[in-house]
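One-letter residues, chain by chain:
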Amino acid sequence: MKIKLNSGYEIPAVGFGTWQTPDGEIARESVRIALVNGYRHIDTAAVYKNEKSVGEGIKASGIARDEIFLTTKLWNDKHSYEGAKEAIQTSLEKLDVDYLDLYLIHWPAPKALRDNNTWEQGNAEAWRAMEEAVESGLIRSIGVSNFMPHHLESLLKTAKIKPAVNQIYLSPSDQQRDVVAFNHKHGIVSEAYSPLGTGTILSDEKLNEIALKYGKSAAQVAIRWSLQKGFVVLPKSVTPHRIVENFDVFDFEINEDDMALIDTLESIGKTAPNPDETTY
Ligand code: NDP
């Protein structure tokens, strides 16, 4: 299942998350296992410090580069034109690929730039470097992460290329309806990170009752809920049977009543961080 981006490229709707996946054998093997079990979309970031192993996992899978959608992200200390240019190059080298499918500004307002009120300028400059990388073929689509409407409005004032996606915390526990509506209105695809609330929503009783009814796990129901909302969804696991389980979500459909019931599960686990209050 794929979703069309405003860049013209298609993105596989289920991607494989790698935050907190240790560099080395675990990252390499989990990425390889994900790919050989059907995933075609991998999400990493410079700050996860596992790009090298993620790249090795891709190679070890034996699956052609052009069949895989690969995302990485700009870290908070590189929010400038030169900084972003350099960061893109470093990520390409670490991943050992010729191009990135998607490159995101990880956070809109890093603390240092917030403190001296230069976060808007930082984003505009980094974005210009990202646009140039699109023009030169190093990146196919560009987007943002953790952007609230006011951050997007600021970026849209100077952006020549519109963001293709906004990757935000999205799970039944925090549905960020205002951000999702803003994204939608602007043709920006919402990507759901932490779709399992980093594991915190999986013991919820109601979610498990629904899961039982469909003969699925709570994780599968949460992932399926995200897909039916039209989000790109990014579950993470380093456990082989869970990696397989989280991709096995295409053979059932949650009915309208149960979708509505899941919509009521706000605050059953982790909720979204406020990007204007981060300490990094
Ligand atoms: P998820 O919401 O995907 O949950 C992952 C946790 O749940 C892990 O502890 C995992 O354990 C466990 N888990 C996974 N599948 C199952 C299952 N089927 N049954 C039981 N437990 C399960 O977490 P993340 O917060 O990592 O989010 C997913 C991805 O989103 C990240 O990896 C990253 O790529 C992206 N992200 C982006 C952010 C951003 O700022 N842009 C911020 C946070 C995440 P185990 O691994 O041990 O199996």
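Residues numbered from 1 in each chain as written. Predicted model: local features only at pLDDT ≥ 70, side-chain atom pairs only at ≥ 80, totals over all residues. Heavy atoms only, no water.

Details of the packing of aromatic side chains
Part 1 of the argument: For the structure shown, the criterion picks out eight aromatic pairs.
Part 2 of the argument: Between Trp107 and Tyr280, the aromatic rings sit 5.4 Å apart at their centres with planes inclined by 75 degrees, giving edge-to-face as the arrangement. In this pair, Trp107 is assigned in the loop between strand 6 (100-105) and helix 4 (111-115) and Tyr280 in the segment after helix 11 (256-263), connecting sequence segments 173 residues apart.
Part 3 of the argument: Its relative accessible area of 38% is what places Tyr280 among the partly exposed residues.
Part 4 of the argument: Aromatic pair Trp225 and Phe231: ring centres 6.2 Å apart, planes at 75 degrees, arrangement edge-to-face.
Part 5 of the argument: In this structure Trp225 comes out as buried when scored by relative accessible area, which is 1%.
Part 6 of the argument: Overall, the relative accessible area of 6% leaves Phe231 in the buried class.
Part 7 of the argument: Three or more aromatic residues link up through ring pairs in this structure, and these residues are Phe16, Tyr39, Phe247 and Phe250. (Phe/Tyr/Trp six-rings, centres within 6.5 Å; stacked < 30°, edge-to-face > 60°. Helix = DSSP H or I, 4+ residues; strand = E, 2+ residues; numbered from the N terminus. Buried < 20%, exposed > 50% of the residue type's maximum accessible area, 1.4 Å probe, protein only.)

Focus: the site of the ligand
Part 1 of the argument: Lining the immediate environment of the ligand, one finds 29 residues, of which Asp43, Ser194, Thr198, Ser237 and Thr239 sit closest.
Part 2 of the argument: Between the ligand and the protein, one listed contact pairs a nitrogen atom with a side-chain N or O atom of Asn246 at 2.9 Å.
Part 3 of the argument: Protein chains shield 88% of the accessible area of the ligand, which is 900 Å² for the free molecule.
Part 4 of the argument: Sort the elements by how many residues they give to the shell around the ligand and helix 10 (residues 240-247) lands first, with three residues. (Near = heavy atom within 4 Å. Polar contact = N/O pair within 3.5 Å; in protein donor to acceptor, adjacent residues only side chain to side chain. Areas by Shrake-Rupley, 256 points an atom, 1.4 Å probe, with all protein chains shown as cover.)

Structural notes on the sheet that holds strand 3 (residues 16-17)
Part 1 of the argument: With parallel pairing, the eight strands of this open sheet are ordered in space as 3-4-5-6-7-8-9-10. Because the sheet does not close on itself, it has two edges, and the strands there are strand 3 and strand 10 (232-233).
Part 2 of the argument: The sheet contact formed by strand 4 (residues 41-43) and strand 5 (residues 69-74) spans three bridges and is parallel. Looking at strand 5, one finds that Asp43 is bridged to Thr71. (Pairing = 2+ DSSP bridges.)

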